[in-house]
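Architecture and fold: a report
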Amino acid sequence: MVRAGTAAAGGGRIAYRESGDEALPALALLHGLGGAAAMWRRQYASLAGRYRVIGWDMPGYGGSDPLPGTPGPGDYADALAALLDALGVARALLVGQSAAALIAAAFARARPGRASGVVLAHPLFGFGALAPGEREAAVAERTGAFLRLGPRGFAEDRGPRLLAPGAPAALVAEVVAAMAAARPEGYLPAVAMMGGADLAVEAAGIAAPVHAIAGAEDPLAPPERCRCLAESLPGAGFTVIEGAGHYAALERPEAFDSALAGAFGQLE
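In this text, all values refer to a predicted model and were calculated from it rather than measured experimentally.

Another aspect to go through is the pairing of strand E3 (residues 26-30). Along any regular strand the residues' side chains alternate between the sheet's two faces. Here E3 lies mainly inside the structure; five of its five residues are buried. The alternating pattern of E3 places Ala26, Ala28 and Leu30 and Leu27 and Leu29 on opposite faces, both of which are buried. Judged from the four bridges that link them, E3 and strand E4 (residues 52-56) form a sheet pairing that is parallel. Across the sheet, the residue bridging to Leu27 is Val53, located in E4. For the crossover that starts at E3, traverses helix H1 (residues 41-46) and ends in the parallel E4, the hand is right-handed. Pairing analysis gives five bridges linking E3 to strand E5 (residues 92-97), with the strands arranged parallel. Bridge pairing in E5 places Ala28 opposite Leu94.

Okay, here's the thing in structure tokens:
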């Protein structure tokens, strides 16, 4: 059974969904720019016997209030810490999908005692390592397209291209709907967060075990780049999921869950 709620966190409200017994190890699922807590619906069902599964609406998404100002990865990590505090969770396994890999890494780096392990799923690196002009152009391209096309048009333009070729029409429609639900007050600050962030730097400071997951057909987070990230981190693991693009948890849920079990099994 999936439970939904909101918690006071960081001066605002954070909406979340959870499943599983509270006595089980906590597993925090963090969606990327084109998602929400609902995107993990398969995992709420399949992992509830093994974990207390918690998925949030990232600040500014779904039922969550946006963060003030121009937040960086650490500010989102602070909001996550406040949510886990409100839920009575002292330590958690973290899964950061896409841009949320930056948040998971920032949380684990700043709070080594609270992250039992970290999975970086289809991780986006941010634009912080680019030259200033390239960084500004990358942010402007994403925000400009979103503002020009609107959430629905942006989702219809980009969503289908993020999935593996031949994805079922129902899955394409699910991803497009999730992306189309993004609000400007959530999406635009999250893109700005990417502008100054560098996942290679954030991840290098993680003391907990790290595992990277890539989709074999992912155009945004190519497997080879994910492999190089894992190889740069002592002891990190790496899994490629065949037949998946940027949303393996939706496209190949059984393979994704198996990868999580392999990454986290020895830590439980």
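Don't stop here, the text continues.
Moving on, we get to the side chain of Arg142. Structurally, the position occupied by Arg142 is in helix H4 (residues 132-158). Although buried, Arg142 forms no salt bridge, and the nearest oppositely charged side chain, Glu141, lies 5.3 Å from it. With near-sequence residues (within four places) excluded, Arg142 lies in contact with Leu33, Leu124, Phe127, Phe154, Tyr187, Val191, Met194 and Leu220.

What follows concerns the pairing of strand E8 (residues 237-241). Pairing between strand E7 (residues 210-215) and E8: five bridges, direction parallel. Each bridged residue has a counterpart across the sheet, and for Gly215 the counterpart in E8 is Ile241. You can see the chain leave E7, run along helix H8 (residues 223-232) and come back into E8, and the turn it takes is right-handed.

Turning our attention to the packing of aromatic side chains. Under the defined criterion, the tally for this structure stands at four aromatic pairs. With a centroid separation of 5.6 Å and an interplanar angle of 65°, the aromatic rings of Phe154 and Tyr187 are classed as edge-to-face. In this pair, Phe154 sits in helix H4 while Tyr187 sits in helix H6 (residues 184-195), placing the two residues 33 residues apart along the sequence. Taken individually, Phe154 and Tyr187 each receive the classification buried, so the pair is uniform in this respect.

Attention shifts here to H6. The end-to-end C-alpha distance of H6, which contains 12 residues, comes to 16 Å, matching closely the 16 Å that a straight helix rising 1.5 Å per residue would cover. Listing the buried residues of H6 in full gives Gly186, Tyr187, Pro189, Ala190, Val191, Met193, Met194 and Gly195. Check the buried side of H6 and you find it contacts helix H2 (73-86), helix H3 (100-110) and H4.

A positive phi is found at Ser98, a non-glycine position, where the angle reads about 60°. Given a relative accessible area of 5%, Ser98 falls into the buried group. The phi dihedral of His122 falls on the positive side, at around 50°, and the residue is not glycine. Along the polypeptide, His122 turns up in the loop between strand E6 (115-121) and H4. Owing to a relative accessible area of 1%, His122 belongs among the buried residues under this scheme.

This part is about the nonpolar core. Within soluble globular proteins, side chains that are nonpolar tend to cluster in buried spots. One finds Leu33, Trp56, Leu94, Val95, Val118, Phe256 and Phe264 to be the most contacted residues of the largest nonpolar core, which totals 96 residues. Top contributing element to this core by residue count: H3, with nine residues.

Parameters at a glance
- Every chain's residues receive numbers from 1 upward, in the order its sequence appears when written.
- Whole-chain, interface and lining totals are the exception, using all residues; otherwise, since this is a predicted model, local features are given only for residues with pLDDT of at least 70 and side-chain atom pairs are given and counted only at 80 or more.
- Computation of side-chain values: all heavy atoms of the structure, hydrogens and water removed.
- Note on classification: 1.4 Å probe, protein chains only; a residue is buried when its accessible area is under 20% of the maximum for its type, exposed when over 50%, partly exposed between these limits.
- Only DSSP runs of H or I reaching four residues or more are called helices, and only runs of E reaching two or more are called strands; each is numbered from the N terminus.
- Note on pairing: DSSP must find at least two bridges between two strands before they are called paired.
- By convention, orient the strands away from the viewer: a clockwise path from the first strand over the helix to the second makes the crossover right-handed.
- Only four residue types enter the tally: Lys and Arg on the positive side, Asp and Glu on the negative side; His and the chain ends are excluded.
- We define a salt bridge as a side-chain nitrogen of Lys or Arg found within 4 Å of a carboxyl oxygen belonging to Asp or Glu.
- Contacts between residues were defined by any pair of non-hydrogen atoms, one from each residue, lying within 4.5 Å.
- Ring pairs are drawn from Phe, Tyr and Trp, using the six-membered ring of Trp, whenever the two centres fall within 6.5 Å, and their geometry is named by plane angle: stacked under 30 degrees, edge-to-face over 60, tilted for the rest.
- One fewer than the residue count of a helix, multiplied by 1.5 Å, yields its expected span.
- The nonpolar core is taken to be a set of buried Ala, Val, Leu, Ile, Met, Phe, Trp, Tyr and Cys residues, with the residues joined through side-chain atoms within 4.5 Å.

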